[in-house]
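# Fold and geometry: a report
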Amino acid sequence: MAAIDIDSNKFESLIRNLKLSGHVGFDSLPEQLVNKSVQNGFVFNILCIGETGLGKSTLMDSLFNTSFESTPSPHSLPSVKLKAHTYELQENNVRLKLTICDTVGYGDQINKDDSFKAVVDYIDAQFEAYLQEELKIKRALGTYHDSRTHVCLYFICPTGHGLKSIDLVCMKKLDTKVNIIPIIAKADTISKTELQKFKSKIISELQSNGVEIYQFPVDDETVAENNTSMNSHIPFAVVGSTDFVRIGNKMVRSRQYPWGTVQVENESHCDFVKLREMLIRTNMEDMREKTHAKHYELYRKKRLQQMGFTDVDSDNKPVSFQQTFEQKRSTHLQELQQKEDEMRQMFVMRVKEKEAELKEAEKELHARFDKLKKDHTEEKKKLEDARKKLEDDLIEFNRRKQQMTQSHHTLTLGKNKKK
């Protein structure tokens, strides 16, 4: 039976739209998804990057209207460290597993060249953990705690003079790995006129350096107008506070100064409400989807390419995952066999070299033995000659001694006769 090749566009044109004669029930699919999501709960992970003392922990407390555990960080740390804490939050029967990761010691070092490295390593480590779970034979993605970073709140110091080099370098390293939302911390320290100029300068510097920040989606009609307006307010100028002050009949989150009170949730005072609206109430799910569909997919693609996997062969024809795996396995086995052969040859060569060294050493030993034997023979001969000479000398001595004795005895007899 011949295979039928239908182009996707042609296939869409072949789809017929039919009208139902009665109610079927698949219009309840959205409700089913909502019920399932509420039952399973949601996961959201926030990465806070900024210099020590910019109010990262305070802003998190203000955003979620609670008090997270946090300890003040010293300015004397030799390197940047990341601390992540996970919390279970619940609001109107909706459960949220929130992970807040803070960069401890960021920007405190004299040499700031590698300040971004710890952050990049952390984000990649979460991607790698998810990828390894995906590649398992027995996966448990339904119960797996997704620790991938969904949004990065980059805290900018309210200098009013533009971004620092460390800000540009770090955001450039992260813009392909995470959704970045730049925010101006402690915005109550600069005037409104300076603030507008500061915002314009930040956006200009980001664009000129090719840094891509997260843009709120405008493809959904229900939020397109609001998100378009909010995109023009980035970076958000925010103020956080853990203190409440009574204003009128309400207790509001505020910062009190000798000259007046800054209300955190007053939109004429700061952009805190705009940030909370965009981050949590409107676009949280879009950030989760974009993390999975864009940033994680890019990491996954690079990692699989590093492993040697590809979708097409040299002739640009589709290749299945199994074919690539078998090819990689075959190549790996060939490399192992080649290494084994090389090691065997090297072993044989070294054995031969060792044998040659041993034979040479044996030859030298034999030569030394022959020389010692010859020297011993010569020395023995000399000793024998010396012994023989001594014996001859002894015989000669004894003979002369005897002659002398006889001569003495003869002389003695002759003297006696004369007397």
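Let me sum up the structure you'll find in this document.

Rules and cut-offs
- Residue indices begin from 1 for each chain and proceed along its sequence in written order.
- Residues qualify for local features only when their pLDDT is at least 70, as the model is predicted, and side-chain atom pairs are given and counted only at 80 or more; totals for whole chains, interfaces and linings, by contrast, use all residues.
- Note that the side-chain values use all heavy atoms of the structure and ignore hydrogens as well as water.
- Only DSSP runs of H or I with at least four residues qualify as helices, and only runs of E with at least two residues qualify as strands; both kinds are numbered from the N terminus onward.
- Summary of the burial criterion: residues with accessible area below 20% of their type's maximum are buried, those above 50% are exposed, and those between are partly exposed, where the area comes from a 1.4 Å probe applied to protein chains only.
- Any pair of residues with heavy atoms lying within 4.5 Å of one another is described as a contacting pair.
- For the area figures, the Shrake-Rupley method with a 1.4 Å probe applies, and any residue is considered shielded solely by the protein chains shown.
- For the purpose of charge, His is not counted, nor are the chain termini; Lys and Arg are scored as positive and Asp and Glu as negative.
- Note on charges: their place is set at NZ of Lys, CZ of Arg, CG of Asp or CD of Glu.
- Within this analysis, patches are made of residues with over 30% relative accessible area and no salt bridge. Like charges are joined at 9 Å or less; nonpolar side chains (Val, Leu, Ile, Met, Phe, Trp, Tyr) at 5 Å or less.
- A side-chain nitrogen of Lys or Arg and a carboxyl oxygen of Asp or Glu constitute a salt bridge if their distance falls within 4 Å.
- Paired strands, as defined in this entry, are two strands with at least two bridges between them according to DSSP.
- Comment: axis = line fitted to C-alpha atoms, over the contacting stretch for helices; angle = value between 0 and 180 degrees taken between N-to-C directions.
- Any helix carries an expected span of 1.5 Å times its number of residues minus one.
- Note: the arc covers the axis-to-C-beta directions of the helix.

### A look at the overall build of the protein
Along its length, the protein carries ten helices and nine strands. In the protein, buried positions account for 31% of the 419 residues. Put simply, 68% of the contacts in the protein that link residues at least 6 apart link residues at least 24 apart. When the accessible surface of the protein is totalled, it reaches about 29400 Å², and 53% of it is carbon and sulfur. Charged side chains of the protein number 65 positive and 63 negative; the gap between the two group centres comes to 12 Å.

### Some thoughts on a nonpolar patch on the surface
A contiguous nonpolar surface patch, about 430 Å² in accessible area, is contributed by Leu20, Val24, Phe26 and Leu29. Relative to the helices and strands, Leu20 resides in the loop between α1 (8-14) and α2 (29-40). Residue classification places Leu20 among the exposed residues on the basis of a relative accessible area of 54%.

### Here's the deal with the sheet that holds strand β9 (residues 260-263)
The strand order across the open sheet formed by three strands is β7-β8-β9, and the pairing between neighbours is antiparallel. Sheet topology places β7 (244-247) and β9 at the edges, where each strand pairs with a single neighbour. Strand after strand, the sheet turns through a mean of 65° between neighbouring axes, direction not considered. When β7 meets strand β8 (residues 250-257), the two strands line up antiparallel, connected through four bridges. Its bridge partner lying in β8, Arg246 is registered against Met251.

### Some points on the sheet that holds strand β3 (residues 94-104)
Spatially, β2-β3-β1-β4-β5-β6 is the arrangement adopted by the six strands of the open sheet, whose pairing is mixed. Each edge of the sheet is formed by a strand with only one pairing partner; in this case those strands are β2 (81-91) and β6 (236-237). Across two bridges, the pairing between strand β5 (residues 180-184) and β6 is parallel. Residue pairing in the sheet places Ile183 in a bridge with Phe236 of β6.

### Quick notes on the pattern of salt bridges
It is possible for side chains of opposite charge to pair when their charged atoms get near one another. The final tally for this structure, using the stated rule, is 27 salt bridges. Across the salt bridge formed by Asp271 and Lys199, the nearest N and O atoms sit 2.7 Å from each other. Taken together, the residues Asp271 in the loop between β9 and α8 (272-282) and Lys199 in helix α6 (residues 192-208) connect sequence positions 72 residues apart. Notably, a salt bridge pairs Glu357 with Lys354, separated by 3.8 Å at the nearest N-O pair. Remark: Lys354 and Glu357 occur in helix α10 (residues 321-418); sequence separation between them is three residues, near one turn of the helix. The network of salt bridges with common partners includes Lys199, Glu267, Asp271 and Lys274.

### Digging into α6
Across its 17 residues, α6 extends 24 Å between first and last C-alpha, which sits within 8% of the 24 Å expected from 1.5 Å per residue. Listing the buried residues of α6 in full gives Leu195, Phe198, Lys199, Ile202, Glu205 and Leu206. The arc enclosing the buried residues of α6, seen along the axis, measures out at 135°, which places them on a common side. Residues of α6 that are exposed and point more than 90 degrees away from the buried face comprise Thr193, Lys197, Gln207 and Ser208.

### What to know about helix α3 (residues 56-63)
The buried count for α3 comes to six of eight residues, which makes it a mostly enclosed element. Residues of α3 that are buried: Lys56, Leu59, Met60, Asp61, Ser62 and Leu63. Structurally, α3 contributes buried residues whose contacts are with β1 (42-49), β3, β4 (151-156), β5, β8 and α8. Just downstream of α3 lies Asn65, where phi reads positive at about 50°.

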